[in-house]
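The lines below spell out each chain.
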Amino acid sequence: VTPIEYAYYQRAKGEISEVIGSRRAAPAVYGAAKDIRRKNTMAMTPDELIDTSMMLIVHSGDARAAAFHALQEAKAGNFEEAKKLMAESKAKALEAHHIQTGLLADEGNGEGPQVNLLLVHAQDHLMTSMLAQELIAELIELHEKKADK
């Protein structure tokens, strides 16, 4: 289920009134919840924070998994597939990064969520997946240079 599908599912159940706007890479769940909060001038609810944290974990985990899959492909000499998987990894990381940016923007506007262990865990997932991407990109480059010799 994509974030957009999930937002429309929530709308169908009556949990949210509408899916507003189109943040290209950010999940509609976060964007819709934020727009509803603006209308009601209230902070993020605990359930919205859980949903947002889980989306951050999901996208970060997908990014890390694609990066490690890319490394396996590079080890096997499949460098084109490794590059495709790294592009997929970067796209997933971008989705997670947009969620994080939204949270930071809320914080800057005085609307930041109450930090809890799940949000800290989600941030940890994002940071470790970003580090893994950087290191794996270097390893893929080394495998490619080694294969050229």
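Residues numbered from 1 in each chain as written. Predicted model: local features only at pLDDT ≥ 70, side-chain atom pairs only at ≥ 80, totals over all residues. Heavy atoms only, no water.

## Structural notes on the environment of Ala91
(1) Moving on: Mapped onto the elements, Ala91 comes out in helix H4 (residues 79–108).
(2) Moving on: Accessibility expressed as a relative area gives 41% for Ala91, which makes it partly exposed.
(3) Moving on: Through-space distance from the C-alpha of Ala91 to that of Ala63 is 7.6 Å; in sequence the pair is 28 residues apart. (Helix = DSSP H or I, 4+ residues; strand = E, 2+ residues; numbered from the N terminus. Buried < 20%, exposed > 50% of the residue type's maximum accessible area, 1.4 Å probe, protein only.)

## Remarks on a nonpolar patch on the surface
(1) Moving on: Nonpolar side chains collect at one region of the surface, where Val115, Leu117 and Val120 lie side by side and expose about 310 Å² of accessible area between them.
(2) Moving on: Of note, Val115 is situated in the loop between H4 and helix H5 (117–148).
(3) Moving on: We classify Val115 as exposed; its relative accessible area is 54%. (Patch = residues over 30% accessible without salt bridge, like charges linked within 9 Å, V, L, I, M, F, W, Y side chains within 5 Å. Areas by Shrake-Rupley, 256 points an atom, 1.4 Å probe, with all protein chains shown as cover. Salt bridge = Lys/Arg side-chain N within 4 Å of Asp/Glu carboxyl O.)

## So, the pattern of salt bridges
(1) Moving on: Per the counting criterion, the structure on display carries three salt bridges.
(2) Moving on: One salt bridge in this structure joins Lys92 and Asp62, with 3.9 Å as the shortest N-O distance. Placement of the pair is Lys92 in helix H4 and Asp62 in helix H3 (residues 46–75), with a sequence separation of 30 residues.
(3) Moving on: Take Lys92: its relative accessible area is 25%, and that puts it in the partly exposed class.
(4) Moving on: In this structure, Glu141 and Lys145 form a salt bridge, with 3.2 Å as the shortest nitrogen-oxygen distance. With Glu141 and Lys145 both in helix H5 and four residues apart, this pair spans about one turn of that helix.

## Comments concerning H4
(1) Moving on: Its 30 residues place the ends of H4 42 Å apart at the C-alpha level, agreeing with the 44 Å of an ideal helix rising 1.5 Å per residue.
(2) Moving on: Gly110 sits one or two residues past H4 and shows a positive phi near 80 degrees. (Expected span 1.5 Å × (residues − 1).)

## Looking at the environment of Ala66
(1) Moving on: Mapped onto the secondary structure, Ala66 falls in helix H3.
(2) Moving on: Take Ala66: its relative accessible area is 5%, and that puts it in the buried class.
(3) Moving on: The sequence separation of Ala66 and Leu85 amounts to 19 residues, and the corresponding C-alpha distance is 5.6 Å.
(4) Moving on: Once residues within four sequence positions are removed from consideration, Ala66 is found in contact with Leu85, Glu88 and Ser89. (Contact = heavy atoms within 4.5 Å.)

## A few points about the packing of H4 against H5
(1) Moving on: Contact geometry for H4 and H5: axes closest at 10 Å, N-to-C directions at 155 degrees. In this view, H4 runs roughly antiparallel relative to H5, as classed from their interaxial angle. As H4 runs across H5, the sense of the crossing is left-handed. For the pair H4 and H5, the contacting residues are Phe79, Ala82, Lys83, Met86, Ser89, Lys90, Ala93, Ala96, His97, Gln100 and Leu103 in the first and Leu119, Gln123, Leu126, Met127, Gln133, Ile136, Ala137, Ile140, His143, Glu144 and Ala147 in the second.
(2) Moving on: Of the residues in the contact of H4 with H5, the class split is 13 nonpolar, six polar and three charged. (Axes fitted to C-alpha atoms, helices over the stretch in contact; angles between N-to-C directions. Parallel < 35°, antiparallel > 145°, perpendicular 65-115°, else oblique. Left-handed = near helix turned anticlockwise from the far one by under 90°. Nonpolar A, V, L, I, M, F, W, Y, C, P; charged D, E, K, R; others polar.)

## Some points on the confidence of the model for the protein
(1) Moving on: For the protein, mean pLDDT is 80; residues scoring 70 or higher make up 72% of the total.
(2) Moving on: For the protein, the element scoring lowest by mean pLDDT is helix H2 (residues 28–40), at 47; H5 scores highest, at 95.
(3) Moving on: Ignoring residues within four places in sequence, the model shows residues 18–29, a span with pLDDT below 50, making 32 contacts including any to other chains.
(4) Moving on: Low pLDDT, under 50, characterises residues 36–41; the predicted model gives this stretch 11 contacts beyond four residues in sequence or across chains. (pLDDT = per-residue confidence, 0-100.)

## Quick word on the packing of H3 against H5
(1) Moving on: The geometry of H3 relative to H5 is characterised by a closest axis approach of 8 Å and an angle of 15 degrees between their N-to-C directions. Here H3 lies roughly parallel to H5, going by the angle between them. Remark: the crossing between H3 and H5 carries left-handed chirality.
(2) Moving on: Its residues placed into classes, the contact of H3 with H5 shows 19 nonpolar, nine polar and two charged.

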